[in-house]
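# Fold and contact review
Given next are the chains, with one letter for each unit.
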Amino acid sequence: MSGPASGPVGGIVALVGNPRSGSRTLAVAVEAAETLGRRLGHAAAPELIDLSALGPHLLAATPSPAVEVALELVAGADLLVVASPTYKGTYTGLLKAFLDRLRPDALAGTVALPLLVMGDPRHALAVEVHFRPLLVELGAGVPTPGLALVESDLPRLAEVLDAWYDRVVPQLDAAVQKAANTH
């Protein structure tokens, strides 16, 4: 397993913050993570964390083994695709509740890609204004622009993702390799 021009690429994790199971956000996150893995030369399928299944356990009084495993997967990712629908102009509260469980700097050494699925293009700035700072606060490197995906673009998802990948893969490859070399 190697990147396009360099050493090995580690684990890819897709984290989905939609409270509805089987959501379009889930489908987009899976497609984005799988295709990104192929473009980076990563043979293994990405790990998937669908918070719709973990939601009832996030605020429970006792620790949930499933939530703890998900937190470990996220903290151990080399490349983390974080996807959410846009709610009230930003990411979901479910995603925030999950990420709030991570320790400070839990994502140090992780390269993260924020991805928002939105109904209205007026929310496109939320990726950079709200989502990126959350991931950076947790220690992640966010070397490229996130993806603001408007629902009307879903029928041509492959085309939109290809254009995004063409812009971000060179920086992602370099960032993932740099992070791998510092571990």
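Note on numbering: residues in each chain are counted from 1, in written sequence order. In keeping with the predicted nature of the model, local features appear solely for residues at pLDDT of at least 70, side-chain atom pairs appear and are counted solely at 80 or more, and the whole-chain, interface and lining totals rest on all residues. Excluded from the side-chain calculations are hydrogens and water; all other atoms, namely the structure's heavy atoms, are used.

## A look at the pairing of strand S5 (residues 147–150)
Here strand S4 (residues 111–118) pairs with S5 via four bridges, running parallel. The residue of S5 that forms the bridge with Leu116 is Ala148. Crossovers are marked right-handed if the path from the first strand over the helix to the second runs clockwise, as seen with the strands pointing away from the viewer. The numbering of helices and of strands both runs from the N terminus, where a helix is a DSSP run of H or I of at least 4 residues and a strand a run of E of at least 2. Regarding the hand of the β-α-β motif, the stretch spanning S4, helix H5 (residues 126–137) and S5 is right-handed. Strands are labelled as partners when DSSP assigns at least two bridges between them.

## Regarding unusual backbone geometry
Located in the positive-phi region is Lys88, a residue other than glycine, with phi close to 50 degrees. Along the polypeptide, Lys88 turns up in the loop between strand S3 (79–85) and helix H4 (93–99). Positive phi is not limited to glycine here, since Asp105 has a value of about 60 degrees. With respect to the helices and strands, Asp105 occurs in the loop between H4 and S4.

## Observations concerning the environment of Arg103
With respect to the helices, strands and loops of the structure, Arg103 is situated in the loop between H4 and S4. Arg103 gets classed as exposed once you look at its relative accessible area, which sits at 53%. Residues Arg103 and Gly139, spaced 36 residues apart in sequence, show a C-alpha to C-alpha distance of 9.9 Å. When accessible area is computed with a 1.4 Å probe and restricted to protein chains, residues below 20% of their type maximum are described as buried, those above 50% as exposed, and intermediate ones as partly exposed.

## Thoughts on the pattern of salt bridges
Only one rule defines a salt bridge in this text: a Lys or Arg side-chain nitrogen within 4 Å of an Asp or Glu carboxyl oxygen. For the structure on display, the rule yields nine salt bridges. In this structure, Asp153 engages Arg156 in a salt bridge whose closest nitrogen and oxygen atoms are separated by 3.3 Å. Using a relative accessible area of 37% as the deciding quantity, one classes Arg156 as partly exposed. Among the ionic pairs, Glu159 bridges to Arg156, the shortest N-O distance being 3.1 Å. One salt-bridge network, in which partners are shared between bridges, spans Arg39, Asp162 and Asp166.

## Digging into the packing of aromatic side chains
Two rings belonging to Phe, Tyr or Trp (six-membered ring only in the last case) form a pair when the distance between their centres is within 6.5 Å. Interplanar angles under 30 degrees mark stacking, angles over 60 mark edge-to-face geometry, and anything in between is tilted. A complete count under the given rule lists two aromatic pairs for this structure. Aromatic pair Tyr91 and Phe131: ring centres 5.4 Å apart, planes at 35 degrees, arrangement tilted. Residue Tyr91 is found in the loop between S3 and H4, and its partner Phe131 is found in helix H5; the two are separated by 40 residues along the sequence. Classification of Tyr91 by relative accessible area gives buried; the value is 14%. Of the residues examined, Phe131 reaches a relative accessible area of 0% and is grouped as buried.

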